[in-house]
Structure formats: structure tokens, C-alpha cells
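These are the residues of each chain, in order.
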Amino acid sequence: MRRSISGSSGTCAGPPVLVTGAGGYIGSALVNAIAAAGPSPIVLLDSSAHNLAGTGRHEAVVGSVTDAGLLDSVFSRFRPSVVYHAAALKHVAPLELDPLAAVRVNAMGTYTLAQAALRHGVSSLVLVSTDKAVNPHSIMGASKRLAELTVAALGGAQCRMNAVRLGNVIGSSGSVLPIFLEQISRGGPVTVTHPEVARYFITPHDAVAAILAGGAAECTGRILLPELGEPRRIAELARSMVGAAANGAGKAIEIRFIGLRPGEKLNEDLMYRTEVREGYSGSLAVVRTPSPTPAELHGRMEQIARLLAGADLAGIVEAIQAMVPEYQPSSVMLAAMATVGSGAGSGAG
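Since this is a predicted model, take the numbers as computed values, not measurements. (Residues numbered from 1 in each chain as written. Predicted model: local features only at pLDDT ≥ 70, side-chain atom pairs only at ≥ 80, totals over all residues. Heavy atoms only, no water.)

So, the overall build of the chain
Next, step 1: Per the secondary structure count, the chain includes 11 helices and 16 strands.
Next, step 2: For a compact globule of 349 residues, the expected C-alpha radius of gyration is about 20 Å, and the chain comes in at 20 Å, within 12% of that figure.
Next, step 3: Overall, the C-alpha framework of the chain stretches about 60 × 50 × 45 Å when taken along its three principal axes.
Next, step 4: Evaluated residue by residue, the chain yields a buried proportion of 50% over its 349 residues.
Next, step 5: Surface summary for the chain: the accessible area is close to 14800 Å², and the carbon and sulfur share equals 53%.
Next, step 6: Of the charged side chains in the chain, 28 are positive and 26 negative; the average position of the first set lies 3 Å away from that of the second. (Helix = DSSP H or I, 4+ residues; strand = E, 2+ residues; numbered from the N terminus. Rg over C-alpha atoms; globule rule 2.2 N^0.38 Å. Buried < 20%, exposed > 50% of the residue type's maximum accessible area, 1.4 Å probe, protein only. Areas by Shrake-Rupley, 256 points an atom, 1.4 Å probe, with all protein chains shown as cover. Lys, Arg positive; Asp, Glu negative; His and termini not counted. Charge placed at Lys NZ, Arg CZ, Asp CG, Glu CD.)

Some points on the confidence of the model for the chain
Next, step 1: Within the chain, residue pLDDT values average 91, and 92% of them lie at 70 or more.
Next, step 2: Contacts from residues 340–349, a stretch scored under 50 in pLDDT, to residues over four places away or in other chains number 24 contacts. (pLDDT = per-residue confidence, 0-100. Contact = heavy atoms within 4.5 Å.)

Let's talk about the layout of surface pockets
Next, step 1: Volume-wise, the second largest pocket comes out at about 180 Å³.
Next, step 2: Lining the second largest pocket are P15, P16, V17, I34, A37, G38, P39, S40, S81, V82, Y84 and L212.
Next, step 3: Among the secondary structure elements, those contributing two or more residues to the lining of the second largest pocket are α1 (25–37) and β5 (82–85).
Next, step 4: Of the residues contributing to the lining of the second largest pocket, the split by class is 9 nonpolar, 3 polar and no charged. (1 Å grid on protein atoms, 1.4 Å probe; cavity = no way out; pocket = protein on both sides within 12 Å on 5 of 7 lines; lining within 4 Å. Points joined across faces, edges and corners; volume = space filled by probe spheres on them. Nonpolar A, V, L, I, M, F, W, Y, C, P; charged D, E, K, R; others polar.)

Observations regarding the packing of helix α9 (residues 294–309) against helix α10 (residues 313–323)
Next, step 1: The geometry of α9 relative to α10 is characterised by a closest axis approach of 9 Å and an angle of 165° between their N-to-C directions. If you check the angle between α9 and α10, you find them roughly antiparallel. Seen from above, α9 lies across α10 with left-handed handedness. For the pair α9 and α10, the contacting residues are L297, R300, Q303, I304, L307 and L308 in the first and G315, I316, A319, A322 and M323 in the second.
Next, step 2: The residue inventory of the contact of α9 with α10, partitioned by class, reads 8 nonpolar, 2 polar and 1 charged. (Axes fitted to C-alpha atoms, helices over the stretch in contact; angles between N-to-C directions. Parallel < 35°, antiparallel > 145°, perpendicular 65-115°, else oblique. Left-handed = near helix turned anticlockwise from the far one by under 90°.)

As C-alpha cells, then:
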């Protein structure tokens, strides 16, 4: 990938802030919130040049968190004090078909970024995580759990590292709300995977507030949980939206159940049974999660890197389950593992 560093830092005061995945839904909202809060220079890192278009008043870097050389260049030049790590591949069903990309970007990318942060004296790193990392059935969730374990293992006095575990962010790419609105605009059908499927939701405003609060938390190596309320059944949400759209229109819109997709669960969990709430940092619950030692983490992630290089999907899943025994591969993943030469898809982030 061609790497570029552009923009003009001007005369901003305050410690620089790095946002990875800065062109995405949450990343761009984070950038706007940080810019509105004060004069700190902001460095934007994203793998998509298109997503970074129009960010001239910030430093824009096109590249991936998996690129250690690029990260060293960025950290050396801009010296960020705080890193908000929002870069990720996050769509469950497509990643079941491209599992190496999920592991490469979400797990190894976080590990590469955390190591760079330690090398360059970053004071705080906040990982944007997901409830899908808890008892995962998908490779996306398992890869995000590896990311959580990375910050839990490597966070310390040198660099505070924590993960903010969010629910579904309303309106984000892949969220059901814009999908339902688009389906309703076409007259239906509105597709729901299962009558009983339920999800935790969080507004973009609350998600950004939680992530920024995570940057101010004094703890390290912890999972930080915002208040997410009760999960909401997706079928009820669909009926509500269809009812609102059909009011006075005189046309019924069908709700069609299509079945859970590979890697999806009926219900998400917010915590592992082995995790312990230790108190609060502001409005965020502070959760201690079992984690490997730094030496154990380094050994396992180096093993996964070798397996990725050889496109050894079965070996990767075995290595993941050694760290995340709760991970239950989907039928699609099991079939891919059993197929000679499977799982060699590539992805970038």
C-alpha cells in the first residue's frame, strides 16, 4: 500500500491525539467531538483515502494499523499522547467468509498498534470494542476479543490501555435502522433474522462520550462498560418502524424472517462469567477481565502471525480458542477449516 502523510498542523496547542479508523462512522464522530472540545492537533489514520477526503484542517494519514513501519513513522513525526483505536472490520456475516482479514486487522492490527504505542511513549490507548467480543460465535467477535486481551495484557504504568465495550451503534454502517428505512422506502419486505433476536443499542453521542471518557480513565488493562439498558428485540423495532411508515399510507409492509446468518447469536452478552466489576470511572463500569501475561500474549500473537502468513485457518482457530475458549466457530467456519486451502482470503484495514 502506498503510504502518505499530509496536512498542516498549524499552531494548535495541547497534546496531539491519534484516531485510527478516523474516516468511519465512530471515528469521524470522535474526531468532530475532539475538535469541538479543544485545540489539540488531531492525526487521522484510515486505510481509505476516500474516507479521509475533506479533512484538510487535520493531519491525514492513509494506511493500515497492521503496518508497523507506517505506525513508527506516524508516532515519530506527530508524537500523539492519546490514541483512540476505532479501526476495525466489523461486519459479522461477510467476515465469516474472509476470516483471515478479521484476524489480521482486528487482532494483529491492535497488537501492532499497542506495541508501537509502547515504543513511542504514548500515555493512553483506548480500544473501541463490542459486545460481540463476549462469548463469540463469529470470527469478528473472536478477533475483537483478542484485541481486548491485547490491551488488558499490555496496559500498565507506561501506557494506560483500556477497551470500551459498546453495543450496536445506532445508524452506523450495517446497523439495522438504516437497513430497515431503506427496505421500507422500497415497500418492503423488511427482513429480520429471527423473531427472538435481541441487541443492545447505544446512540452515536453516547458511544463517543463513553470512548472519550475511556481516555480519561485512570485505570489500565480494564474493560469499560457504558450503561446500555435492556436489549431490544429486533422484530419489535421492525414492527414499530413499519407501523410508523404505514400510518396513513394504506399499504401493509411485510416483515420477513430469514434466519440467523453465520456467526450471529440470538442474544449478546455484556460480560464474561469470569469478569468482575471493580467499580466505576465516571459513568463507565470498570471490569477486570482474565488476561494473559505480556509474555504469553507475545508468544500467542507471534504464533498467529505465522499462521496468517501461511493462511492456516485451522491453526488460527485453534490458537484463538487457546486464548478465547468460549469462541464457538460457526458452521461456515468449520466447513472452511475442513476444506483444503480454505480461508486464504485477504483484506485490508
